[in-house]
Amino acid sequence: MSTLLPFHKDIIQEICDPGKSDLLVVARGLGLRRIVCSLMQIYDSPKSLVLLVNASPEEETAIGEELGIMGCRRPGLRVVGYETPRQDRQALYQGGGLIMVTSRILVVDMLQSDIPIHLISGILVLHAEKVTPLVLEAFVIRLFREKNKNGFVKAFTDQPEHITSGLSPLKNIMKELHIRRVHIYPRFHESIKTSLERRRADVIELSQDMTESMSEIHHAIIQCMTSTLSELKRSNTTLDLDDLSVENAYFKSFSVIVRKQLDPVWHKVGPKTKQLVNDLGTLRNLLYYLLTYDPLQFHAYLETLIAANTTTSTGGVKQHQSPWMLTDAAHIIFETARRRCYTVSSTSAKSVAPAIDLVDDEDAWDALNEAEGIQVDKKGKGKEKDDSRPHWLSAGLDPVLEELPKWDLLTQVLDEIEEEIVKTETMRKSGPTMGSDTVLIMASSTRTCNLITDFLSSHNPTGKKGAKGRDMMMQKLRVYLWWKGKLSQRKEEGKSAFHLPDAGSTAASIKDPRGTGLSEALRKKDKEKAERNQSRRRVRGGAPAAASDSGRIAVKSSAGKSSAPAEAEADVLAEFWSQVTPDASITPFDVSSMALLDLPDLDDHYGLVIPSQTVVVRAFSDDSDDRILAELQPRFIVMYEPNMEFIRRIEVYRSASPGMNVRVYHMVYGSSCEEHKYLAGIRKEKESFERLIKERATMLMPIYEERREGAGRNEDAIKTISSRYAGGRREINTEPSKVIVDMREFRSTLPSLLHAANILVIPATLTVGDYILTPDICVERKSLSDLVASFNSGRLYTQCELMSVHYKHPVLLIEFEEDKAFSLELITEMKSYAKPTGKYPVKKKQDTATPNNATTYSSVSIQSKIVLLTLHFPRLRIIWSSSPFFSSEIFTDLKRNQAEPDPTKAIAIGADDDPDAGRGVNTAAEELVRCLPGVTAKNVKYLMSRVGSVREFCGLSLQEVQQILGVEPGKECWEFMHKGEKQ
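Residues numbered from 1 in each chain as written. Predicted model: local features only at pLDDT ≥ 70, side-chain atom pairs only at ≥ 80, totals over all residues. Heavy atoms only, no water.

**Details of the overall build of the protein chain**
Along the backbone of the protein chain there are 36 helices and 25 strands. Restricting to contacts in the protein chain with at least 6 residues of sequence separation, those with at least 24 account for 77%. When the accessible surface of the protein chain is summed, it comes to about 47900 Å², and 52% of that surface belongs to carbon and sulfur atoms. (Helix = DSSP H or I, 4+ residues; strand = E, 2+ residues; numbered from the N terminus. Contact = heavy atoms within 4.5 Å. Areas by Shrake-Rupley, 256 points an atom, 1.4 Å probe, with all protein chains shown as cover.)

Following this line, the structure appears as structure tokens:
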């Protein structure tokens, strides 16, 4: 763990008082996790129970590791998850110490009194910027304050931009968390400024100009974004869209802001406006990909955009195309992107040389080198003939393969670092020195990290400027041509298209034509090429492989015949594609040679690599980057792309390491969106902090009403009015108003609102319904997306049938979202991921030639299904709710003058009158087993008594499953579990 700086100590001293509750807002990159861990170390004691909520899974692991390094082991941090049984959770709570728990589990345990609320010393809340009246964290604090007035609440956030939207956002967060003190620490805070400016790193700012073609594309994309924004404002004059500008469009949150403003009228806007909103996100991605993708990947992405813009997912002609693609600026983008990759000088394509079938002997090795034009001497070194062309390249295709300017700049930086290391070693005196010679390169994504790794592993140090990565780009060109040929072949066969494979990151997954993996000749070639590069710096990929990331190439996967010609030059290259297509043996086997050092193997032997010969390439992350800096202790850091947070991490790292000389190379494309976005981000954060400081100075502190059990229910205490007794005499009912809520419903916000409305919420595992309001009223709540999925799977029919059997008044509650339109037309925008059960025949698809086949589900079909549902179940009542707030009011009205439900009876209904139903140790496993074919409510208990776990049940043979479930149900269940297995 790194040393705490003076401003860290000031913050901890300010907020560590356990008798007060505080909200801490700090700038990103200043070590918020370090502050939280230090605070938890202070509170670590078996005599106190401190809970940490609202942490992501990654943060759970990182905080646990850091606390272990700091020595918090008595008893240390324990994590309560969904797999932790109820009895174990109760024992953990009674034992005290530091416990990390999800908000959903904590709410249920508080309502069931599994956790002694009066013994909780305090609660730490991360990501306080996300706290609203609807989130579970606000529910947790409300339950906590009902029975514990002395415990503390400490909330933390490093996202000031998220607390500046709306009316008094800071006061609303403090109100929900019952906090009256707030501490704001921006980068320009006096104590932070003093601490970080005493020792500064040696920063070298490198402004790299874009190439001429990149500048043309960049300018054209900005033009398209400007025209799209203008068209969006012109199409929606009634909305306040003044904040929509190109500068704001650089950020990912821009699409969310636009969609929030349009959500209330989303069902009224036309398809043109919806297409414009999607186009803004696409153009923002294009700006980012232009500066990070290699030219071939960028060109392939544009081709998929064109194909997706002209055809629908079913292969028909798209009715509403993107307007920006029809502009002159778009033509410049497509043409210039193609010229960055290759030019077509002639339409006559050269016939492709026959593919070589590699076998396990030296003759195949020699033939491979001869076909590629490589001369190999006795030492194993070779070079490609200058005047030769690869056998797979047509004479009508001239490769350009423009390299990104930052690649050449990066090699210059690494050369300078090597010279500096050698110079330092010659001048070094005896004795240990601070830091290591490991070079840390930081980039924005794992894809960029893999591209840098591939380039550094295969570049030619003696090559001319702009051509050092020629070998890698030629390999990528071969992959690109193979991909284009395969697309043409799959189009003829009527198969679906696929994205362009990544030559570097997916090299290990490419197999030979026989399907047996790489042959020995290729493995030998990989080994020899790796030996040739041992004299150069080794590259260690600190980031995970981007195999899953490569899916971003395809915006929309077009099925069947949707692979339309990408551009006008497709006719010119048609002959060439047809010649490259057929033979699978042309699979780009040379791509495998790109993996000079296999990343997992190098990670295993990382400690054996000399630091001065190691380059660690890593993507920007969260506070875990602080730990990387502390472990590696690099003296040379290369920021391949600008990042405000990491610059501050370097400042903290340098200030915490006195005597260490740290040099930082800050690379940025001059006059580009990259530079503008970086500067705009700094300005936005500064303005956000200024607004928070101003709001804190003028904020009216809320007076919290003390909540006691039974308080606030005076209106509900006088209930059950009947004219049969003394002409309407009022009978006093002291029993509190309560609602029985299914465990699975705590994913929603309605239970929290019911509790806020002074209704006692009782969690239980219900077989029938989601909410039991009275002994006669059962409610099944459905959101719009869940409603569509339930209709398609047939689950809603079964649920309504069970409610009608066991309850006098079954109710279907259809709940809309608060900020969205109160209309069923929203369903036309949804997709269903429900799998067909085979219970109903599959609906035939419409003819692909008809233009109206784009919408799978419409509001008319949903209304028809709802009508059929009401006809089949006459006693079913349907309630439409515009928001969860309105649902809470509806429940209050329905419960008025009604008897209270009995939790024991509600749990037993539908569970074969088993009094212990719903109290299983592992409710998630029981729910999973109930969903299997052949398993019914009558045999599920017998099944759970025969097998100990789901894993054991899946391992049973067909005969054993049939003995438990019966012949036909057992066969159906066994075939479902083993479907798709190879015999």
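**Considering the sheet that holds strand E25 (residues 877–881)**
The sheet built from six strands is open, its strands ordered E21-E20-E22-E23-E24-E25 with mixed pairing. What marks the edges here is a single partner per strand, and that holds for strand E21 (760–764) and E25. Relative to E25, strand E24 (residues 809–815) runs parallel, the two sharing five bridges. Bridge assignment links Ile-814 to a residue of E25, and that residue is Trp-880. Its contacts with the sheet place helix H27 (residues 784–793) against strand E23 (777–783) and E24, and it is angled at close to 100° to E23. (Pairing = 2+ DSSP bridges. Axes fitted to C-alpha atoms, helices over the stretch in contact; angles between N-to-C directions.)

**Section: a nonpolar patch on the surface**
Taken together, the side chains of Val-867, Leu-868 and Leu-871 define a hydrophobic patch exposed on the protein surface, amounting to about 320 Å² of accessible area. Position of Val-867 relative to the elements: it lies in helix H29 (residues 859–872). (Patch = residues over 30% accessible without salt bridge, like charges linked within 9 Å, V, L, I, M, F, W, Y side chains within 5 Å. Salt bridge = Lys/Arg side-chain N within 4 Å of Asp/Glu carboxyl O.)

**A word on helix H22 (residues 624–632)**
Residues Ser-624, Asp-625, Asp-626, Leu-629 and Leu-632 constitute the buried set of H22. Against helix H2 (32–43), strand E13 (436–443), strand E15 (614–619), strand E16 (634–639) and helix H23 (644–655) lie the buried residues of H22. Just beyond H22, the residue with positive phi is Gln-633, at close to 50°. (Buried < 20%, exposed > 50% of the residue type's maximum accessible area, 1.4 Å probe, protein only.)

**Some words on the pattern of salt bridges**
Counted according to the given criterion, the structure contains 37 salt bridges. In the salt-bridge network here, residues are joined through shared partners; they are Arg-28, Glu-161, Asp-623, Asp-626, Glu-645 and Arg-649.

**Overview of the environment of Arg-877**
Within the fold, Arg-877 resides in strand E25. Taking C-alpha positions, Arg-877 is 6.1 Å from Leu-812, a pair spaced 65 residues apart along the chain. Discounting residues that sit within four places of it in the chain, Arg-877 has contacts with Pro-810, Val-811 and Leu-812.

**Brief notes about the sheet that holds strand E1 (residues 22–26)**
Strand order in this open sheet of seven strands is E3-E4-E2-E5-E6-E1-E7, and the pairing throughout is parallel. A single partner strand is all that each edge strand has here, and the edge strands are strand E3 (77–80) and strand E7 (181–185). The sheet shows a mean angle of 20° between the axes of neighbouring strands, taken without regard to direction. Sheet topology places E1 next to E7; five bridges connect them, and they run parallel. Note on E7: the bridge partner recorded for Leu-24 is His-183. The sheet contacts of helix H3 (residues 57–70) involve strand E2 (49–53), E3 and strand E4 (97–101), and relative to E3 the element is tilted by about 160°. Strand contacts of helix H6 (residues 136–147): E2, strand E5 (120–125) and strand E6 (152–157), with the helix running at about 160° to E5, the strand carrying the most contacts.

**Points about the side chain of Asp-625**
Tracing the backbone shows Asp-625 in helix H22. If we ignore the near neighbours within four places in the chain, the residues touching Asp-625 are Met-442, Arg-618, Ala-619, Phe-620, Phe-646 and Arg-649.

**Description of the side chain of Ser-624**
Relative to the assigned elements, Ser-624 resides in helix H22. Reaching out from Ser-624, the side chain makes a polar contact with the side chain of Asp-622 at a distance of 2.8 Å. Discounting residues that sit within four places of it in the chain, Ser-624 has contacts with Arg-33 and Arg-618. (Polar contact = N/O pair within 3.5 Å; in protein donor to acceptor, adjacent residues only side chain to side chain.)

**Some remarks on the environment of Tyr-807**
Checked against the element boundaries, Tyr-807 lands in the loop between helix H28 (795–806) and E24. In this structure Tyr-807 comes out as buried when scored by relative accessible area, which is 3%. It is 9.4 Å that separates the C-alpha atoms of Tyr-807 and Ile-909, two residues lying 102 residues apart in sequence. Look past the residues within four positions of Tyr-807 in its chain and what remains in contact with it is Val-768, Ile-772, Pro-775, Asp-776, Ile-777, Cys-778, Arg-875, Ala-906 and Ile-909.

**Topic: the packing of aromatic side chains**
This structure, assessed with the given rule, holds twelve aromatic pairs. Ring geometry for Tyr-289 versus Tyr-301: centroids 4.9 Å apart, planes at 85°, classification edge-to-face. Remark: Tyr-301 occurs in helix H13 (residues 295–310) and Tyr-289 occurs in helix H12 (residues 271–292); sequence separation between them is twelve residues. An angle of 40° between the planes, with centres 6.2 Å apart, marks the rings of Trp-324 and Phe-334 as tilted. Placement of Trp-324 in the loop between H13 and helix H14 (328–341) and of Phe-334 in helix H14 is noted, with a sequence separation of ten residues between them. (Phe/Tyr/Trp six-rings, centres within 6.5 Å; stacked < 30°, edge-to-face > 60°.)

**Some points on the nonpolar core**
Side chains of a nonpolar character, in soluble globular proteins, are inclined to be buried together. Leu-23, Met-110 and Ile-123 are the most contacted members of the largest nonpolar core, which has 93 residues in total. Looking at which element gives the most residues to this core, the answer is H2, with seven residues. Aside from chain neighbours lying at most four places away, what touches Ile-123 is Leu-51, Val-53, Met-110, Val-140, Ile-141, Phe-144, Phe-152, Val-153 and Lys-154. (Core = buried A, V, L, I, M, F, W, Y, C linked by side-chain atoms within 4.5 Å.)

**Re H6**
Taking 1.5 Å per residue as the helical rise, H6 with its twelve residues ought to reach 16 Å, and the 17 Å between its terminal C-alpha atoms agrees with that figure. All of the buried residues in H6 are Leu-136, Glu-137, Ala-138, Phe-139, Val-140, Ile-141, Arg-142, Leu-143, Phe-144, Arg-145 and Glu-146. (Expected span 1.5 Å × (residues − 1).)

**Topic: the packing of H13 against helix H18 (residues 470–493)**
At a minimum axis separation of 9 Å, H13 and H18 run at an interaxial angle of 20°. On the basis of the axis angle, H13 is roughly parallel to H18. Here Pro-295, Leu-296, His-299, Ala-300 and Glu-303 of H13 come into contact with H18, specifically with Met-473, Lys-476, Leu-477, Tyr-480, Trp-483 and Lys-484. Its residues placed into classes, the contact of H13 with H18 shows seven nonpolar, one polar and three charged. (Parallel < 35°, antiparallel > 145°, perpendicular 65-115°, else oblique. Nonpolar A, V, L, I, M, F, W, Y, C, P; charged D, E, K, R; others polar.)

**Concerning unusual backbone geometry**
Phi is positive for Ser-113, which is not a glycine, with a value near 60°. As for its placement among the helices and strands, Ser-113 is situated in the loop between helix H5 (103–111) and E5. Classification of Ser-113 as exposed rests on a relative accessible area of 53%. Positive phi, close to 50°, is recorded for Gln-633, a residue that is not glycine. We classify Gln-633 as partly exposed; its relative accessible area is 34%.

**Section: the confidence of the model for the protein chain**
Per-residue pLDDT for the protein chain has a mean of 77; in total, 74% of the residues score no lower than 70. When pLDDT is averaged over each element of the protein chain, E6 comes out on top at 95 and strand E14 (residues 538–541) at the bottom at 42. Considering only residues more than four positions removed or in separate chains, one finds that residues 913–918, a stretch of pLDDT under 50, has eight contacts. (pLDDT = per-residue confidence, 0-100.)

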